[in-house]
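# Observations on the three-dimensional arrangement
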Amino acid sequence: MDFGMRNRLNKIFNPDTGKTVMLAVDHGYFQGPTTGLRNFKQTVDPLLPHADCLFVTRGMLRNCVDPKTKTSICLRVSGGPSILGELSNEDITTSIEEAIRLNASGIGMSIFVGAPNEDRTIANLGRLVNEAERYGIPVLAITAVGRDMARDARYLGLACRIAAELGAHFVKTYYCEDFYKVVEGCPVPIVIAGGKKIPEMDALKMTENAIKEGALGVDMGRNIFQSDKPVGMIKAVRAIVHEGATAEEAYKIYEKE
Ligand code: 5RP
């Protein structure tokens, strides 16, 4: 791995701990003005200093993020369908040149395993890795599974392994029972998405379990920005990821905010 690739990965994964708290705020690329992100700047500005990396689309980055930020950027580069369409019908929407121009430390796209367009999205991942490696840019593969498929260790494990086989440098997936099996089968770092908003304590417990079972961090959105105390919540998640706090200890940080 050359210097550029390693340097960018160190901007995403905090070199002090080898782990990352990514703040996912890309939801609008298919959901429009999602709850909590309607006024993007108002929500994201106070959270940004507490994130190692912001996962965001180019449009929101260009229009709503202060270029003075010290937080690194991972750019979502896939899209196409809205929430009303066939979600797996995604293509690459943002070029490598744009990612470089925006000083992204990484780029991310979804693969849809077990969905109507799985083959195209997986082939797109291979092509994106080919291009990104030319410039030393790490690629995050986001594993979505078909609507009828359980989000369990079998299917998430399948999706994560395929992503790694195609060359993804790190993978985002969901936490599930027997998550350690997903980690075991995937030779590149895994970060977890938070999924739908759940009670704060449950989200912190999920984070603690994921880290204990081998995740190298989170790329979390709704369970942070839809919380009643978003700053408290991101600080709590940080304590688990970077300091090995328990969910109970982290909950106190959330409450105190
Ligand atoms: C949507 C995404 C989101 O970034 C991902 O789902 C993380 O957000 P959340 O924690 O809200 O699930 O990739 O496709």
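Throughout what follows, the structure given in this document is the object of discussion. Numbers given for residues are sequential positions, taken from 1 along each chain in its written order. Totals for whole chains, interfaces and linings use every residue, but because this is a predicted model, local features are given only for residues with pLDDT of at least 70 and side-chain atom pairs only at 80 or more, for both listing and counting. Only heavy atoms go into the side-chain values, all of them from the structure, while hydrogens and water stay out.

Our next topic: the environment of Val218. One can find Val218 in strand S10 (residues 217-220). Accessibility here uses a 1.4 Å probe with only protein chains present; expressed as a share of the type maximum, an area under 20% marks a residue as buried, one over 50% as exposed, and anything in between as partly exposed. Val218 sits in the buried class, given a relative accessible area of 0%. The spacing of Val218 and Leu23 is 195 residues in sequence and 7.9 Å in space, taken between C-alpha atoms. Contacts between residues were defined by any pair of non-hydrogen atoms, one from each residue, lying within 4.5 Å. Sequence-distant contacts of Val218, that is, excluding residues within four places in its chain, are made with Thr20, Val21, Met22, Val191, Ile192, Thr207, Val237 and Val241. Put simply, DSSP marks the helices as runs of H or I at least four residues long and the strands as runs of E at least two long, and each gets a number from the N terminus on.

We now examine the site of the ligand. Near the ligand there are 17 residues, and of these Asp26, His27, Lys172, Gly221 and Arg222 occur at the shortest range. The side chain of His27 places a nitrogen or oxygen atom 2.7 Å from an oxygen atom of the ligand. Two N or O atoms count as a polar contact when they lie within 3.5 Å, although within protein this holds only if one can serve as hydrogen donor and the other as acceptor, and sequence-adjacent residues are included solely when both atoms are side-chain atoms. Within the contact set of the ligand, an oxygen atom lies 2.7 Å away from a side-chain nitrogen or oxygen of Lys172. Working definition of accessibility: Shrake-Rupley area with a 1.4 Å probe, residue cover restricted to the visible protein chains. Against a free-state accessible area of 360 Å², the protein chains account for coverage of 93% of the ligand. At the level of elements, helix H2 (28-31), strand S8 (170-174) and S10 are the ones that each hand at least two residues to the shell around the ligand. Nearness of a residue to a molecule or strand requires only that one of the residue's heavy atoms be within 4 Å of it.

What follows is about the packing of aromatic side chains. Ring pairs are drawn from Phe, Tyr and Trp, using the six-membered ring of Trp, whenever the two centres fall within 6.5 Å, and their geometry is named by plane angle: stacked under 30 degrees, edge-to-face over 60, tilted for the rest. Inspection of the entire model under this criterion finds four aromatic pairs. Here the aromatic rings of Tyr29 and Phe30 are separated by 5.0 Å at their centres, their planes lie at 70°, and the arrangement is edge-to-face. Taking 5.2 Å as the distance between ring centres and 45° as the angle between the ring planes, the aromatic pair formed by Tyr175 and Phe179 counts as tilted. Here, over-ring charges are defined by two tests on the NZ atom of lysine or the CZ atom of arginine: distance to the ring centre within 6 Å, and angle to the ring normal within 35 degrees. Here the basic side chain of Lys229 rests over the ring of Tyr254, its NZ or CZ set 4.9 Å away from the ring centre.

With respect to burial, strand S7 (residues 139-145) is a largely interior element, seven of its seven residues being buried. Strand pairing is defined by DSSP finding a minimum of two bridges between the two strands. Strand direction decides the pairing type here: strand S6 (residues 106-113) and S7, joined by seven bridges, are parallel. Bridge pairing in S7 links Gly108 to Leu140. Sheet analysis places S7 next to S8, joined by three bridges and oriented parallel. When the bridges of S8 are listed, Ala141 appears paired with Val171. With respect to chirality, the unit in which S7 leads through helix H7 (residues 153-165) into the neighbouring parallel S8 is right-handed. When the strands point away from the viewer and the path from the first strand over the helix to the second turns clockwise, the crossover is right-handed.

Counted residue by residue, strand S1 (residues 20-24) has five buried out of five residues, so it is predominantly covered. Along S1, one buried face is formed by Thr20, Met22 and Ala24 and the opposite face, lined by Val21 and Leu23, is buried too. Pairing analysis gives three bridges linking S1 to strand S2 (residues 53-57), with the strands arranged parallel. Within S2, the residue paired with Ala24 across the bridge is Phe55.

Before going further, it helps to examine the pattern of salt bridges. The salt bridge criterion pairs a side-chain nitrogen of Lys or Arg with a carboxyl oxygen of Asp or Glu, the two atoms within 4 Å. Using the criterion set out here, one finds 15 salt bridges in the structure. Here Asp91 ties to Arg120 by a salt bridge, and the two come within 3.0 Å at their closest N and O atoms. Residue Asp91 is found in strand S5 (residues 91-92), and its partner Arg120 is found in helix H6 (residues 118-134); the two are separated by 29 residues along the sequence. Classification of Asp91 by relative accessible area gives partly exposed; the value is 35%. For Lys181, the salt bridge identified is with Asp178, shortest N-O distance 3.7 Å. By relative accessible area, Asp178 is classed as partly exposed at 31%. Within the structure, one salt-bridge network assembled from shared partners comprises Arg58, Arg62, Glu98 and Arg101.

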